[in-house]
Amino acid sequence: MLAARPSQIDTWLNLLPNAAYLYDFGMLPTEQRPVIYSFLPVAPYNTQFAAYIASLVSGGFADSAMGLFNVALLCAGAMLLARTLAGRAATPPWWACAAGLLLAVPLNPGFVPRVFFSAYGEASLSVTALFAVWLAVEAIDDLADGIAWPRGIAALALVLAAMVNIKQSGIGLVLPVGVSMLVLAVVHPRIPRRRAVAVTVAALIPAVLLYLIWRRFALASFVVGELKPRPFSEWNIALLPQIFLSILRTMVEKATFFLCMAAVLAAWVPRLRRDPWSREGVLFGMIFGVIVLFNGFLVFTYIAHFAPDMAADAHSYYRYNSQLSLLVMLGLIVALRPVVAGWITRLGPRARYLAPASVVLILVLPFAIAGQLRFDLETPQKQLWDIGHRAARYFKPGDKVALLVPGDAYDGVGSMLRGVILFTPPRQPGLDFRTETTADTAALDRVAAAGYRLALVSCTQAGFAGAPANVAANPA
């Protein structure tokens, strides 16, 4: 993955432009500061800060840093799964490390390479949710043992603060973690209620303050800077039946993931009856609460946030739920560990081959599935990289460039061409782009009248500007 390059539309539309702005100007954007080529200029910046630090260390803009940072975070999540598999807090053995990586990445039904190994926030949120729940369970255990201030409460507060500013929906995970922790601690028979409330509030304060500070900055910096709720009169309440139908359709299409989630939710029932306040009982209670509350948050966003067509389609429901995937894997590990241990015991002497087999598998598997992991090499990624780099030779800082991308209604091709030219070496910053979704004489006349003397066409039509058909062209 070290050679992976930026990919996916949201990377080009806002994630990479925001990170490049930090590197170029050393400050956050506002309407009074230099122009930023971003659809969401004041979306949360935590992963962009990681790219900024990497750029300072490397001495040049690290355009792949956010994707590689997610790879590293997934390895950290795999280590926690490995410790759970091994049943100890100390350094886990090699077989557990290998199995943890297998469960966090290829065997994780919520893992999608183009989402988790790109600059998107899903991997970051998935890992922080995993650690937040783990630390919350430890805090509840400490409170039940009579420890007034749990040892991991500062770590939990920092994880929640990191989570809330990964992407705008981060608050939708922070609050479910906090509410689930508060409910379990308050109803716990061995924890004083005042202490439960005080500790939970202390864990949430940094995240809530950071959220409010960032909201104030976003509102003060740009008139249109973040996704905003719709007016109450435009809420999609009447679309609820369609929303739930689309959610059900997604669950059927991604049955493996949602069946695993259902199994983890069901695993709390026997523990609730037998010993709800054991460590495992509290863990499953936390997972149950986070899953249910987060899905409630998603339904609310479809009602209050999304345009009607996207709401009715339950836009990206599976991708958003993938933020819970490592929690689902944690629940499956805890639920199935006794069963698997019994099965291994019955294998007898043959069980000794399982440990080296897991290590060999995790070393070999990346090569076997390299085509899936390196999604940045899929068509038309390589072609657009080549077009962007070739076209960049014709431009100089300050040029006004018309980008003609016929049929590109969702700005997938246009955003990548702009991004390749502006943010990847050799960079050509400071260009003024205007994008048109047609490539004909009328489009050239419009951009020329607006002062754009250079035009890059992603795919020409027959007879256009004297260029051959079906090629990328740069008429001046």
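Residues numbered from 1 in each chain as written. Predicted model: local features only at pLDDT ≥ 70, side-chain atom pairs only at ≥ 80, totals over all residues. Heavy atoms only, no water.

(A) Spotlight on the sheet that holds strand E3 (residues 454-457). Here 3 strands make up an open sheet; going across it, the order is E2-E1-E3 and the pairing parallel. With partners counted over all chains shown, the strands left at the sheet margins are strand E2 (432-436) and E3, one partner each. Between one strand axis and the next, the sheet turns through 25° on average, direction left out of account. Direction of pairing for strand E1 (residues 400-404) relative to E3: parallel, over a ladder of 4 bridges. For Leu 404, the partnering residue across the bridge sits in E3 and is Val 457. (Pairing = 2+ DSSP bridges. Helix = DSSP H or I, 4+ residues; strand = E, 2+ residues; numbered from the N terminus. Axes fitted to C-alpha atoms, helices over the stretch in contact; angles between N-to-C directions.)

(B) The arrangement of a nonpolar patch on the surface in detail. Taken together, the side chains of Leu 182, Val 197, Val 201, Ile 205, Leu 209 and Ile 213 present a nonpolar region at the surface, about 490 Å² in accessible area. Top contributing element to the nonpolar patch by residue count: helix H9 (residues 193-221), with 5 residues. Residue placement: Ile 213 occurs in helix H9. (Patch = residues over 30% accessible without salt bridge, like charges linked within 9 Å, V, L, I, M, F, W, Y side chains within 5 Å. Areas by Shrake-Rupley, 256 points an atom, 1.4 Å probe, with all protein chains shown as cover. Salt bridge = Lys/Arg side-chain N within 4 Å of Asp/Glu carboxyl O.)

(C) Here's a closer look at the packing of aromatic side chains. Within this structure, the stated rule accounts for 18 aromatic pairs. Aromatic side chains Tyr 21 and Phe 25 sit 4.7 Å apart centroid to centroid with 45° between the ring planes, which places their arrangement in the tilted category. Of this pair, Tyr 21 and Phe 25 both sit in helix H1 (residues 9-25), 4 residues apart, which is roughly one turn of that helix. Each ring, one from Trp 268 and one from Phe 288, has its centre 5.0 Å from the other, and the planes form 40°; the classification is tilted. Taken together, the positions of Trp 268 in helix H11 (residues 255-274) and Phe 288 in helix H12 (residues 279-304) put the pair 20 residues apart, joining distant regions of the chain. Residue classification places Phe 288 among the partly exposed residues on the basis of a relative accessible area of 29%. Following the ring pairs from residue to residue traces out a cluster consisting of Tyr 45, Phe 49, Trp 214 and Phe 217. In this structure, Arg 215 is placed above the aromatic ring of Tyr 211, and the distance from its NZ or CZ to the ring centre is 4.5 Å. In this arrangement the basic side chain of Lys 254 is found over the ring face of Tyr 318, its NZ or CZ atom lying 4.9 Å from the centre. (Phe/Tyr/Trp six-rings, centres within 6.5 Å; stacked < 30°, edge-to-face > 60°. Buried < 20%, exposed > 50% of the residue type's maximum accessible area, 1.4 Å probe, protein only. Lys NZ or Arg CZ within 6 Å of the ring centre and 35° of its normal.)

(D) Highlighting unusual backbone geometry. That bond from Thr 379 to Pro 380 is cis: its omega, 5°, falls within 30 degrees of zero. Here Pro 380 is to be found in the loop between helix H17 (370-373) and helix H18 (381-392). A cis amide bond links Pro 425 with the next residue in sequence, Pro 426, at an omega value of -5°. Its place among the elements puts Pro 426 in the loop between helix H19 (412-423) and E2. Here the phi dihedral of Asp 411 falls at roughly 65°; this positive angle occurs in a residue that is not glycine.

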